[in-house]
Amino acid sequence: HREQIGCGRTMRITNNMMVEHTMRRIYDNLRRLDKLNSQLSLGKKLRYASDDPAGVATLMRYKAGLVEVDQFLKNTEDAITWLELTDSSLGQANEILQRVRKLAVRGADGSLSQESRNAIAMEINQLVLDLVQVANADQAGRYLFAGQKTDTRPFEAITDPDGKVIEVRYKGNEAEMSLELGVGVTISWNLPGSQAFPVGTFPPGSNPTGVFDALVKLRQDLETGQTSSVGGEDLNALDRSIDRLLRFRAQVGAKVNRLEFSAERFRDFQIHLQKVIGETEDLDVAKAITDLKMQENVYRLSIATGARVIQPTLMDFL
């Protein structure tokens, strides 16, 4: 047999060449059939990097981006939970201070007996201990108001032999913990106790500077009958502490709103990446089954054709 090539030249077609060409077509059809069958078994279009190097590289970038977004979302949701617990604790602290304020107004009444003022002082002492407990609030063993020393109980009440609080000490630090919301964008998601519940001592005759020492001084003034101080500087110090808590609570609420917006943005991006990854990687099963059936027919046809053309050689191969 001869095949016309170029300008009158011919190339001799031998039986070996026919066999080689036929077998190559059969093998090519078999490889395509195996690829489609493997894709259906895995449910994936891309099995190996060699299937589509550029597509696999793009897929890996999408998956790396999804891992990063997943981590951003987790961190953001953890920070929201932390701040919501912080807000709840500040709300409890405010309720305690509002109760103390009512007691202070009552104790400032000059017509009240000293015995009644002592009873008020005892209740305020208990409220100081309650406030310390609130300031030591934790989430799964991590203290909300300890700064970055989250494994350390931040506040300690020092009492005299009668159980009266004489001082409250802060054992945390003033460091804030930050969360990255994007490139170069961060937000602090904790409130150190030194800001929310400042502590300190006060010498005789001076005004208290922190919430706990304000309460201690109020109790002492009630015990000694200093009604003018109770209704004046003590009440003013208490009002400043209440205002401070309200300011911080407003800041915490604003941060929660911002983080919830960021979390929603991360969730949208997460869904987008999952969709793109699916479109890049997942198999269209209906189309793949159709392609597989077609390829099976092509493979069978190539075998049948080869058997007719080179029966002895094909039978030897089989």
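Heads up: these notes are all about the structure in this document.

**Details of the overall build of the protein chain**
Here is step 1 of the chain: For the protein chain, the count of helices and strands is 8 helices and 8 strands.
Here is step 2 of the chain: Sequence separation of at least 24 residues holds for 65% of the intrachain contacts in the protein chain that already meet a minimum separation of 6.
Here is step 3 of the chain: In the form shown here, the protein chain has an accessible surface area of approximately 18000 Å², with 52% of it arising from carbon and sulfur atoms.

**With respect to the pattern of salt bridges**
Here is step 1 of the chain: Taken as a whole and assessed by the stated rule, the structure comprises 13 salt bridges.
Here is step 2 of the chain: For Asp-78, the salt bridge is made with Lys-74, and the minimal N-O distance between the two is 3.0 Å. Separated by 4 residues within a single helix, Asp-78 and Lys-74 lie in helix H2 (residues 53-107), roughly one turn from each other.
Here is step 3 of the chain: A relative accessible area of 38% places Asp-78 in the partly exposed class.
Here is step 4 of the chain: Residue class for Lys-74 comes out partly exposed when judged on its relative accessible area of 46%.
Here is step 5 of the chain: With a shortest N-O distance of 3.1 Å, Arg-267 and Glu-77 are connected by a salt bridge. You can see Arg-267 sitting in helix H6 (residues 227-281) and its partner Glu-77 sitting in helix H2, a full 190 residues away along the chain.
Here is step 6 of the chain: On the basis of relative accessibility, which here comes to 32%, the residue Glu-77 falls in the partly exposed class.
Here is step 7 of the chain: Salt bridges sharing partners connect three or more residues here, namely Lys-217, Asp-221, Glu-233 and Asp-234.

**Brief notes about the pairing of strand E5 (residues 155-159)**
Here is step 1 of the chain: Here E5 pairs with strand E6 (residues 165-170) via 5 bridges, running antiparallel. If you follow Thr-159 over to E6, its bridge partner there is Val-165.

**A word on unusual backbone geometry**
Here is step 1 of the chain: Even without a glycine there, the phi angle at Ala-140 is positive, about 55°.
Here is step 2 of the chain: Tracing the chain through its elements places Ala-140 in the loop between strand E3 (138-139) and strand E4 (142-143).
Here is step 3 of the chain: Ala-140 sits in the exposed class, given a relative accessible area of 81%.

**Looking at the pairing of strand E8 (residues 185-188)**
Here is step 1 of the chain: As judged from the 4 bridges shared by strand E7 (residues 178-182) and E8, these two strands associate in the antiparallel manner. Note that in E8 the partner of Glu-180 across the bridge is Thr-186.
Here is step 2 of the chain: From the end of E7 to the start of E8, which pair antiparallel, there are 2 residues, and Gly-184 there has a positive phi angle of about 75°.

**Looking at the packing of aromatic side chains**
Here is step 1 of the chain: For the structure shown, the criterion picks out 7 aromatic pairs.
Here is step 2 of the chain: Ring centres 5.3 Å apart and planes at 85° place the aromatic pair Trp-82 and Trp-189 in the edge-to-face group. Taken together, the residues span a long stretch of sequence, with Trp-82 in helix H2 and Trp-189 in the loop between E8 and helix H4 (193-196) at a distance of 107 residues.
Here is step 3 of the chain: Of the residues examined, Trp-189 reaches a relative accessible area of 13% and is grouped as buried.
Here is step 4 of the chain: Every member of this aromatic cluster is reached through a ring pair, and the members are Phe-145, Phe-155, Tyr-170, Phe-197 and Phe-212.
Here is step 5 of the chain: Across from the ring centre of Phe-266, 5.0 Å away, lies the NZ or CZ of Arg-265, which sits over that ring.

**So, the packing of helix H3 (residues 114-135) against helix H5 (residues 211-223)**
Here is step 1 of the chain: One can describe the packing of H3 onto H5 by two numbers: an axis separation of 8 Å at closest approach and a directional angle of 165°. Judged on the interaxial angle alone, H5 and H3 are roughly antiparallel. The way H3 lies across H5 gives a crossing that is left-handed. In contact with Gln-114, Arg-117, Asn-118, Ile-120, Ala-121, Ile-124, Asn-125, Val-128, Leu-131, Val-132 and Ala-135 of H3, H5 contributes Val-211, Phe-212, Leu-215, Leu-218, Arg-219, Leu-222 and Glu-223.

**Notes on the nonpolar core**
Here is step 1 of the chain: Core analysis: the largest hydrophobic core is formed by 60 residues, its most contacted members being Leu-90, Leu-131, Phe-155, Phe-197 and Phe-212.
Here is step 2 of the chain: Among the secondary structure elements, those contributing two or more residues to this core are H2, H3, E6, E7, H5 and H6.
Here is step 3 of the chain: A total of 16 residues in this core trace back to one element, the largest contributor, which is H2.
Here is step 4 of the chain: Dropping the residues within four chain positions of it, Phe-197 is found in contact with Leu-90, Ala-93, Leu-131, Ala-135, Phe-145, Phe-155, Val-211, Phe-212 and Leu-245.

**Considering H5**
Here is step 1 of the chain: Here H5 contains 13 residues, and its C-alpha end-to-end distance of 19 Å stays within 8% of the 18 Å for a straight helix at 1.5 Å per residue.
Here is step 2 of the chain: With 11 of 13 residues buried, H5 is to be regarded as a mostly interior element.
Here is step 3 of the chain: For H5, the set of buried residues is Val-211, Phe-212, Asp-213, Ala-214, Leu-215, Val-216, Lys-217, Leu-218, Arg-219, Asp-221 and Leu-222.
Here is step 4 of the chain: Backbone geometry just after H5 places Gly-225 at a positive phi near 75°.

**Looking at H3**
Here is step 1 of the chain: For H3, which comprises 22 residues, the first-to-last C-alpha distance of 31 Å matches the rise-based estimate of 32 Å (1.5 Å per residue) to within 8%.
Here is step 2 of the chain: Within the span of H3, buried status applies to Arg-117, Ile-120, Ala-121, Ile-124, Asn-125, Leu-127, Val-128, Leu-131, Val-132, Val-134 and Ala-135.

**A look at the side chain of Asp-213**
Here is step 1 of the chain: Structurally, the position occupied by Asp-213 is in helix H5.
Here is step 2 of the chain: Here Asp-213 sits buried without a salt bridge, and the closest side chain of opposite charge, Arg-244, lies 7.9 Å off (N-O distance).

Each value, and the rule that gives it
Residues numbered from 1 in each chain as written. Predicted model: local features only at pLDDT ≥ 70, side-chain atom pairs only at ≥ 80, totals over all residues. Heavy atoms only, no water. Helix = DSSP H or I, 4+ residues; strand = E, 2+ residues; numbered from the N terminus. Contact = heavy atoms within 4.5 Å. Areas by Shrake-Rupley, 256 points an atom, 1.4 Å probe, with all protein chains shown as cover. Salt bridge = Lys/Arg side-chain N within 4 Å of Asp/Glu carboxyl O. Buried < 20%, exposed > 50% of the residue type's maximum accessible area, 1.4 Å probe, protein only. Pairing = 2+ DSSP bridges. Phe/Tyr/Trp six-rings, centres within 6.5 Å; stacked < 30°, edge-to-face > 60°. Lys NZ or Arg CZ within 6 Å of the ring centre and 35° of its normal. Axes fitted to C-alpha atoms, helices over the stretch in contact; angles between N-to-C directions. Parallel < 35°, antiparallel > 145°, perpendicular 65-115°, else oblique. Left-handed = near helix turned anticlockwise from the far one by under 90°. Core = buried A, V, L, I, M, F, W, Y, C linked by side-chain atoms within 4.5 Å. Expected span 1.5 Å × (residues − 1). Lys, Arg positive; Asp, Glu negative; His and termini not counted.

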